[in-house]
Amino acid sequence: MRSSAQFVARCALILYTLFFIDGSKGQRQCTEIDYYYEYTECDSTGSRWRVAIPQNPGFCTGLPQPVRGTECTFSCRAGEFLEMSAQECTQCAAGSYSLGSGIRFDQWDAMPAGFRSVATSLGNDPKRDAQPTCNSSSWVPQGNYLESNRDECTVSLIYAVHLKKQGSVSFEYQYPDKSLLFEFFIQNDQCQEMDQSTDTKWLQLTNHGEWGTHTVNLKSGTNILYWRTGGVVMRSSVVKPVLLKNIQIEGVAYTSECFPCKPGSFSRIPGSSTCESCPRDTYSGHGASSCTPCNATTEYAEEGSSECKNRPPCSKKDYFQIHTPCDHEGKTQVIYKWIEPKICLEGIFGAEALPESGEQEECPPCNPGFYNNDTATCSPCPTGMYSDGLKPCHRCPAGTEPILGYEYKWWNVLPSNMKTSCFNVGNTKCDHMNGWEAARDHIHSGAGSSDNDYLILNIHVPGFKLPTSVPSQSVTEFGRITFEFETSCMADCEFYFMMDINRKSTTVVQSWEKTQKRQTYTHTMSKNAAVSYTWAFQRTNQPSDVRRYINDVARIFSITVTNAVDGVSSSCRACALSTQPSSSACVPCPPGHYIDTLTRKCLECPRNSYLEPHATPGSDACKACGPASRSDKDHRLCYSDCHFIHTEGNVTLTFDFSPLGSAGSLMNGPKFTSKGTKYFHMFNISLCGGQDRMAVCADNTTDMSVSSSQKEKAEGSSAVKTFICQSTIIPASRQGFLAALSSQSINLADTFLGATVDDNLEGIKARPDLFPQKSKKVPDINFFFRSFEGTSSCESGRSTVVTLHCNPDMSTKGELSVPSQCPEGTCDGCTFHFFWESSGACPTCTVRDYHLIEGVCKGGQQDMLYVWTEPKLCIGGVTLPDKKTVPCQSMEFWVHLGAGTGIFTAVLLICLTCYFWKKNKRLEYKYSRLVMSANKECEMPVADSCAVMEGENEGDMEDEVVYTKPSLLGKLKAIASKGNGERYENVQLNSSHSKALVWS
């Protein structure tokens, strides 16, 4: 089509009149080559006019007058075009094609007219000038297809089309790498986005090398089509771009000309709606009706070529070797073959000859589960029998059952349940090429037709079958695949391992770049479903149509799949027996039960232990949960019930982390890539609870085959449901995507190891030095998690430590943070550290956390008040007792009582002093009288009798008087008498019969 019909409607009639009136006499009469026809805009009645538009205004005169045109809804059939002179549909000539009411873009040597590539930075910060960093990002024509950018810049491919009626747009695409986001949407002429369902906006991932088709309906009027790509966070240095080809738009009212076939294609008959590709070893130019053969001796051409190429001399890169099936003597022959299609020349200078075939080698043994049936081939053992591959099949003993699966470690031929293929980036398949070749003790990538081919190896597992004694309700692992591999590369090769569950969408599980040493990788299957495992090897992702890196190779030495429903058996395992007498039939155990090796009965695992998946029979199959953890009722996993008890000395602290909630979230950042893309990392953490309270991370950009209900249940290949997970978030931006994007969800922890105040548990170390040092009047609690799923950088899996710190000044939800030195949450990429500071991490309050304050006594009443001991380092638990008022005695009463008691005591002491003083005087008097009587007996004759003085008791004279301890008054008198020179001692006075007195 020519120029816009809107321009025609406004200007055509005016131009025609002016040229007719003002034409000079010297101008020649216009011919058909001097003008072309266009239709005006349709009026309200649905009619329009056909007008002639000069090629060069003013160069000629006598343009045809406007005439009434066809109806606005008129269109021609496919293979026809509207001949404007007669306004009739005419067949396209040979060498051209027409879609009738559509247009197609299938040649991408240059950007077609009307297409624009516009680059911006995804998630630009308005204060950041990131635009210059994305100037080099664009969609690039690559001959047969368009290639997108490989960075995180947002690049939009834009095309505007005006439809006269409702139509559609369809295109083919390759979208193998979810590191890029790819969306297709439509805007109207007001730049308003049309209503679109999610599955038409976000495109599904495709298998490596395969093309997907996408079709969207269009409304009449102006439609602006956008193909938009943008990176999230490039984890890999090698990013697979989006490829686009064969864009077809239906709904234009008519086409006024046919489109010539592009070089390398042809249309043999008139009225063609498509052009065919030229066969191999032929070529064609622009608008060809047939293809021209190349010189078969010296030239060759790929399918759809626009020219022939000279055949190079043969080299070692042009042939490969295979092994024949084993013969009856157990021998195999080495066969050398040319890579097909053969493009090299033999017998010329510098050409390599094909090595001689036929050398015999010993056949490798059969793989486990197979046996040699004397027919030179390995056959699978019958149901219920097993073999190690070296011996004949044997039936499993009574009380045992075969272990199903695949175990491939010998590769004389490709197993029957494996398929191999080769996909070329520009084309669909590599003709006559095997993607992988068997080589006795390994299988290796094939030659391919070019270095950027995808060499595909696939194995399909229709489902998994657990051993009879293992209940499916109690396991988290239905099967696993393990393979041993290595890569050797000179270029930027990449090796992929992918999976497709229930044939919905292929996702990359793991990838490796460049040369990799021999290693083993294991992936577990957490649900019972049909799955296809795929390995893909690409020598380089740069466009290439030659083989320069033929020696770059990937080798797989062994592949093992456990519990495959259609697998074979290489051994038997003990099972639980029926309780019926004399029965040797295997029976399933209830969830959480193991098989006792002595009784062969099912016994439940001990309390707070979990049953290890696919463990051997015996009590060792039950593993104890870690500290402060418990198991669910089916003994599938261990988890924290939000309670923790710590005892130190005679103090016991009880913690209840329920106020923290079952899950916490942290969005750290923002961060910016080298191209200016702003992104965040979102962490979801499930601290407490079992399977029903796991954290969920889900992508909202890929895997659109997952329904909304599945997303809510965290099902599908893009959803991650575990204890701790991480997603990459790109916020909504006017310059980028219009809604926040969540992508690249990964599992950080699927196993809870335990909680403890120690900094080390099962080899995982907490790092308190990574966080600000705070007072630890209450010990920090460390929650230890682990994910056993290995990655290329973490072969033993990832581990996580969540440290809970008591801060009574914060809310119960608190604040979750990552180390400032490691803003990604990890310093080594394998161990993650989180610091959760909250009042909810404080211990439960007890009676020791408050004390009593007694108020003053007023009016015979006293207040008793209980208050928390400061600082308060507890939450919940006991509450403060209510304030109490008790009766009391005032202070004045006690003062009076004390004064009275003191006066009474003083009077009593005075009375006692007087009493004892008087008594002492009497004793002193008696003593002096006795002394005087004794002195008189020494000086004068003894009297016949002694008178007794009045008041003296006669009995006193007869009794023995012993004075052993003087009174206080006596001691004072003794001291006074010593001062007068008198010296005497206390003596013992007997009765009148005493014979002597002793004086000192």
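Going by the annotation in an unreviewed UniProt entry, the name recorded for the protein is Endosome-lysosome associated apoptosis and autophagy regulator family member 2a, with Xiphophorus maculatus given as the source organism. Per UniProt, the protein carries the Subcellular location (unreviewed entry) text "Cell membrane". In its Sequence similarities (unreviewed entry) section, the UniProt record describing the protein reads: "Belongs to the ELAPOR family."

Across its full length, the protein holds 6 helices and 70 strands. A fraction of 67% describes how many contacts in the protein between residues 6 or more apart in sequence connect residues 24 or more apart. Accessible surface for the protein amounts to roughly 51,800 Å². Of this, 52% is attributable to carbon and sulfur atoms.

Attention shifts here to the pattern of salt bridges. The final tally for this structure, using the stated rule, is 17 salt bridges. Close ionic contact of Glu-147 with Arg-150 constitutes a salt bridge, the shortest N to O distance being 3.3 Å. Residue Glu-147 is classed as buried on the basis of its relative accessible area of 8%. A cluster of three or more residues bridged by salt bridges with shared partners is formed by Glu-183, Lys-201 and Arg-228.

Our next topic: the packing of aromatic side chains. For the structure on display, the rule yields 45 aromatic pairs. Relative to Trp-338, the ring of Tyr-319 has its centre 6.0 Å away and its plane inclined at 85°; by these criteria the two rings are edge-to-face. You can see Tyr-319 sitting in strand S26 (residues 319-323) and its partner Trp-338 sitting in strand S27 (residues 331-338), a full 19 residues away along the chain. In this structure an aromatic cluster arises from ring pairing among Phe-105, Trp-108, Phe-115, Trp-139, Tyr-159, Phe-171, Tyr-173, Tyr-175, Phe-182, Phe-184 and Trp-227. One residue, Lys-201, lies across the ring of Phe-185, its end atom 5.9 Å from the ring centre. Geometry around Trp-868 places Lys-872 over its ring, the cationic atom sitting 4.5 Å from the centre.

Attention now moves to the state of the cysteines. Disulfides are covalent bonds that link the sulfur atoms of two cysteine residues. Counted according to the given criterion, the structure contains 22 disulfides. One disulfide bridge connects Cys-30 with Cys-60, the sulfur atoms lying 1.9 Å from each other. Between Cys-30 and Cys-60, the S-S dihedral sits near 95°, and the bridge is therefore right-handed. Separated by 30 residues along the polypeptide, Cys-30 in the loop between strand S1 (28-29) and strand S2 (35-39) and Cys-60 in strand S4 (residues 60-61) bring together distant segments of the chain. Disulfide pairing is shown between Cys-575 and Cys-586; the S-S distance is 1.8 Å. The disulfide joining Cys-575 to Cys-586 has a torsion of about -60° about its S-S bond and is therefore left-handed. With Cys-575 in the loop between strand S44 (568-574) and strand S45 (576-577) and Cys-586 in strand S46 (residues 586-587), the pair connects residues that are 11 residues apart, well separated along the chain. Here Cys-914 stays unpaired: no disulfide links it, and the sulfur of Cys-911, its closest cysteine neighbor, is 6.7 Å away.

To continue, consider the environment of Gln-360. When you line up the elements, Gln-360 lands in strand S28 (residues 359-362). Taking the C-alpha atoms as reference points, Gln-360 and Val-334, separated by 26 residues in sequence, lie 6.4 Å from one another. Once residues lying within four places of it in the same chain are set aside, the contact partners of Gln-360 are Asp-327, Lys-331, Thr-332 and Gln-333.

Moving on to the sheet that holds strand S40 (residues 506-513). With antiparallel pairing, the 5 strands of this open sheet are ordered in space as S34-S37-S42-S39-S40. Of all strands in the sheet, those bounded by a partner on one side alone are strand S34 (418-423) and S40. Averaged over all adjacent pairs, the angle separating strand axes in this sheet is 20°, with direction ignored.

Read from one edge of the open sheet, 4 strands run S55-S56-S59-S60, paired in antiparallel fashion. Each of the sheet's edge strands pairs with one partner strand only, and the pair in question is strand S55 (663-672) and strand S60 (741-749). Neighbour to neighbour, the strand axes of the sheet diverge by 20° on average, direction disregarded. Examined bridge by bridge, S55 and strand S56 (residues 678-686) share 8 bridges and lie antiparallel to one another. In the sheet register, Met-667 faces S56, and the bridge partner there is Met-682.

What follows covers the environment of Ser-272. Take Ser-272: it is sitting in the loop between strand S20 (265-266) and strand S21 (276-277). Among all residues touching Ser-272, those that are not within four sequence positions of it are Gly-79, Ser-96, Tyr-97, Ser-98 and Ser-267. For Ser-272, the side chain forms a polar contact with the main-chain oxygen of Ile-269, separated by 2.7 Å.

Among the 9 residues that make up strand S65 (residues 798-806), 9 are buried, leaving the element largely enclosed by the rest of the structure. Where burial is concerned, the two faces of S65 agree: the one with Arg-798, Thr-800, Val-802, Leu-804 and Cys-806 and the one with Ser-799, Val-801, Thr-803 and His-805 are both buried. Pairing between strand S64 (residues 781-787) and S65: 7 bridges, direction antiparallel. The partner of Asn-782 across the bridge, within S65, is Thr-803. Pairing of S65 with strand S67 (residues 831-838) involves 8 bridges; the strand directions are parallel. Paired with Val-802 across the bridge in S67 is Phe-834.

A separate point is the side chain of Asn-188. Structurally, the position occupied by Asn-188 is in the loop between strand S15 (180-187) and helix H2 (198-201). If we skip the residues at most four places from it in the chain, Asn-188 touches Met-194, Thr-222 and Ile-224.

This paragraph deals with the side chain of Ser-609. Along the polypeptide, Ser-609 turns up in strand S49 (residues 609-611). A residue is classified by how much of its surface remains accessible, and Ser-609, at 4% relative accessible area, is buried. Residues contacting Ser-609, with those up to four places away along its chain left out, are Cys-622, Lys-623, Ala-624, Cys-625, Ser-631 and His-635.

On the surface, Phe-904, Leu-908, Leu-909, Leu-912, Tyr-915 and Phe-916 cluster together into a nonpolar patch covering about 650 Å² of accessible area. Overall, Leu-908 belongs to the partly exposed group, its relative accessible area being 42%.

Our focus in this paragraph is the confidence of the model for the protein. The predicted coordinates should not be examined in detail at positions where pLDDT is low. Taken residue by residue, the protein gives an average pLDDT of 81. The fraction at 70 or more is 83%. In the predicted structure, residues 1-24 sits below a pLDDT of 50 and forms 33 contacts with residues beyond four places in sequence or in another chain. Every residue in residues 953-963 scores below 50 in pLDDT, and together they form 13 contacts with partners more than four places removed in sequence or on other chains.

Attention now moves to unusual backbone geometry. With an omega of -5°, the peptide bond running from Glu-870 to Pro-871 counts as cis. The topology assignment puts Pro-871 in the loop between strand S69 (861-868) and strand S70 (884-887). Phi is positive for Arg-600, which is not a glycine, with a value near 60°. Mapped onto the secondary structure, Arg-600 falls in the loop between strand S47 (593-595) and strand S48 (602-604).

Reading the values: the criteria
Residues numbered from 1 in each chain as written. Predicted model: local features only at pLDDT ≥ 70, side-chain atom pairs only at ≥ 80, totals over all residues. Heavy atoms only, no water. UniProt positions renumbered as here; feature names shortened; annotations may be inferred. Helix = DSSP H or I, 4+ residues; strand = E, 2+ residues; numbered from the N terminus. Contact = heavy atoms within 4.5 Å. Areas by Shrake-Rupley, 256 points an atom, 1.4 Å probe, with all protein chains shown as cover. Salt bridge = Lys/Arg side-chain N within 4 Å of Asp/Glu carboxyl O. Buried < 20%, exposed > 50% of the residue type's maximum accessible area, 1.4 Å probe, protein only. Phe/Tyr/Trp six-rings, centres within 6.5 Å; stacked < 30°, edge-to-face > 60°. Lys NZ or Arg CZ within 6 Å of the ring centre and 35° of its normal. Disulfide = S-S within 2.5 Å. Pairing = 2+ DSSP bridges. Axes fitted to C-alpha atoms, helices over the stretch in contact; angles between N-to-C directions. Polar contact = N/O pair within 3.5 Å; in protein donor to acceptor, adjacent residues only side chain to side chain. Patch = residues over 30% accessible without salt bridge, like charges linked within 9 Å, V, L, I, M, F, W, Y side chains within 5 Å. pLDDT = per-residue confidence, 0-100.

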